[in-house]
Amino acid sequence: YMYIGDQKKMKYFTRKMIAHKDLNSNGTLFGGRVLDWIDEEAYIYCSCQLNNDRVVTRSMSNIDFMHSAIRGDIIEIGMETVKIGTTSITIRCDVRNKRTEQVITSVEKIVFVSKWVQNRYFIGLDQKLLNKIFYFHNLKIKFPYKIEEN
């Protein structure tokens, strides 16, 4: 693994204007909308960093909603690489108010893994799980996880 640490600063790539459709019943930014934007931006960021569009979200750490936003606010979504492994990338994300630079939401750890489903490669899955799947479907395993039909 390669740990990035403080070598890079958070880069804010995307800006969004909070519209009526983004609000919850309290008139503030809906948390689900923020998570949707984070997942989309994280996918774009990771696929660009790895030069691989076959990546999927594996996990997200605790999501901290610290402040809110209201209609008309402009928010920025920032991504930063934390660690790059052989089959995964770990990033962190901040969503902040453009004008005040106040952090609205923070996710310390988002992990994306490489999935080569089209070429029948499965990277990053547990070997016991793969054995069960392959046994059920009567498939042979050739490591590193290349599948051949019987």
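Residues numbered from 1 in each chain as written. Predicted model: local features only at pLDDT ≥ 70, side-chain atom pairs only at ≥ 80, totals over all residues. Heavy atoms only, no water.

## So, unusual backbone geometry
Backbone geometry places Glu101, a non-glycine residue, at a positive phi of 60°. Relative to the helices and strands, Glu101 is located in the loop between strand E6 (88–97) and strand E7 (103–116). (Helix = DSSP H or I, 4+ residues; strand = E, 2+ residues; numbered from the N terminus.)

## Details of helix H1 (residues 31–50)
Helix length check: H1, at 20 residues, gives a terminal C-alpha distance of 28 Å against a target of 28 Å (1.5 Å per residue), a fit within 8%. All of the buried residues in H1 are Val34, Trp37, Ile38, Glu41, Ala42, Tyr45, Cys46 and Ser47. Immediately downstream of H1, the backbone of Asn51 shows phi near 55°, a positive value. (Expected span 1.5 Å × (residues − 1). Buried < 20%, exposed > 50% of the residue type's maximum accessible area, 1.4 Å probe, protein only.)

## With respect to the packing of aromatic side chains
A complete count under the given rule lists one aromatic pair for this structure. Taken together, a centroid distance of 5.8 Å and an interplanar angle of 45° make the contact between Phe13 and Tyr45 tilted. Pair noted here: Phe13 is in strand E2 (residues 11–17) and Tyr45 is in helix H1, with a separation of 32 residues, a long-range link. (Phe/Tyr/Trp six-rings, centres within 6.5 Å; stacked < 30°, edge-to-face > 60°.)

## A word on the side chain of Ser106
Mapped onto the elements of the fold, Ser106 is located in strand E7. For Ser106, a relative accessible area of 9% translates into the label buried. Side chain to side chain, Ser106 and Asp94 meet in a polar contact 2.9 Å long. Contacts of Ser106, omitting those with residues within four sequence positions, involve Asn62, Ile63, Asp64, Met66, Arg92, Cys93 and Asp94. (Polar contact = N/O pair within 3.5 Å; in protein donor to acceptor, adjacent residues only side chain to side chain. Contact = heavy atoms within 4.5 Å.)

## Things to note about the state of the cysteines
For the structure on display, the rule yields zero disulfides. Distance from the sulfur of Cys46, which forms no disulfide, to the nearest cysteine sulfur (Cys48) is 9.4 Å. You can call Cys46 buried: its relative accessible area is 0%. (Disulfide = S-S within 2.5 Å.)

In short, shape yes, function no, at least from these values alone.
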